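Architecture at a glance
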Amino acid sequence: QVQLVESGGGLVQPGGSLRLSCRASGGISRWYIMGWYRHAPDSQREFVASITNQDKTNYADSVKGRFTISRDNAKNTIYLQMNSLQPEDTARYYCIFDRDGSSLLRSWGQGTQVTVSS
């Protein structure tokens, strides 16, 4: 199973920015999807963004135009640049790795907390 380590969360004021990172190690397949989910208290876990090994990206409607996902293949790392953050973005953000592009072969990180508050 792929190991995922997230970093970059924290406390930010509304309108601010943060950049999350997720480094993958061990058992990385040639074909994959990596991405982010988030889980806020009293809410269901929701998809945020994803990127494939061919740099195809996908975003939730709620973050389009504000968040950008990217990857550094040499570092086995993906990033989530989050701009114009709002209180409703407050959640624990989890990195995922879908081996061979399959959610049935998914690995999860431990998550990093993002809190948007004045």
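All of the points below concern the structure found in this document. Note that this is a predicted model, so its numbers are computed, not measured.

Examining the state of the cysteines
Covalently bonding the sulfur atom of one cysteine to the sulfur atom of another cysteine gives a disulfide. Applying the stated criterion to the full structure yields one disulfide. Across the disulfide, Cys22 is cross-linked to Cys95 (sulfur-sulfur distance 2.0 Å). With the S-S dihedral at roughly -80 degrees, the linkage between Cys22 and Cys95 falls on the left-handed side. With Cys22 in strand β3 (residues 18–25) and Cys95 in strand β9 (residues 91–99), this residue pair connects regions lying 73 residues apart in the sequence.

Things to note about the nonpolar core
One finds Met34, Trp36, Leu80, Met82 and Tyr93 to be the most contacted residues of the largest nonpolar core, which totals 29 residues. Those elements that place two or more of their residues in this core are β3, β4 (32–39), β5 (46–52), β7 (67–72), β8 (77–82), β9 and β11 (112–116).

Here we look at the packing of aromatic side chains
Counted according to the given criterion, the structure contains four aromatic pairs. Ring geometry for Tyr32 and Phe97: centres 5.2 Å apart, planes at 25 degrees, overall stacked. Here the residue Tyr32 occupies a position in strand β4, and Phe97 occupies one in strand β9, the gap between them amounting to 65 residues. Residue Tyr32 is classed as buried on the basis of its relative accessible area, which comes to 7%.

A closer look at the side chain of Thr112
Its location among the elements puts Thr112 in strand β11. A relative accessible area of 9% means that Thr112 is categorised as buried. A distance of 3.2 Å separates a polar side-chain atom of Thr112 from the backbone nitrogen of Gly9. When near neighbours in sequence (up to four residues on either side) are disregarded, Thr112 contacts Glu6, Ser7, Gly8, Gly9, Leu20, Ala91, Arg92 and Tyr93.

Details of the sheet that holds β8
Pairing within the open sheet is antiparallel, and its four strands lie in the order β1-β3-β8-β7. One side of each edge strand has no neighbouring strand; the edge strands of this open sheet are β1 (3–7) and β7. Strand-to-strand twist across the sheet, computed as the mean angle between neighbouring axes with direction ignored, equals 15 degrees. As paired elements, β1 and β3 share five bridges and run antiparallel to each other. Residue pairing across strands places Ser7 opposite Ser21, the latter belonging to β3.

Calculation criteria
- Residues numbered from 1 in each chain as written.
- Predicted model: local features only at pLDDT ≥ 70, side-chain atom pairs only at ≥ 80, totals over all residues.
- Heavy atoms only, no water.
- Disulfide = S-S within 2.5 Å.
- Helix = DSSP H or I, 4+ residues; strand = E, 2+ residues; numbered from the N terminus.
- Core = buried A, V, L, I, M, F, W, Y, C linked by side-chain atoms within 4.5 Å.
- Buried < 20%, exposed > 50% of the residue type's maximum accessible area, 1.4 Å probe, protein only.
- Phe/Tyr/Trp six-rings, centres within 6.5 Å; stacked < 30°, edge-to-face > 60°.
- Polar contact = N/O pair within 3.5 Å; in protein donor to acceptor, adjacent residues only side chain to side chain.
- Contact = heavy atoms within 4.5 Å.
- Pairing = 2+ DSSP bridges.
- Axes fitted to C-alpha atoms, helices over the stretch in contact; angles between N-to-C directions.

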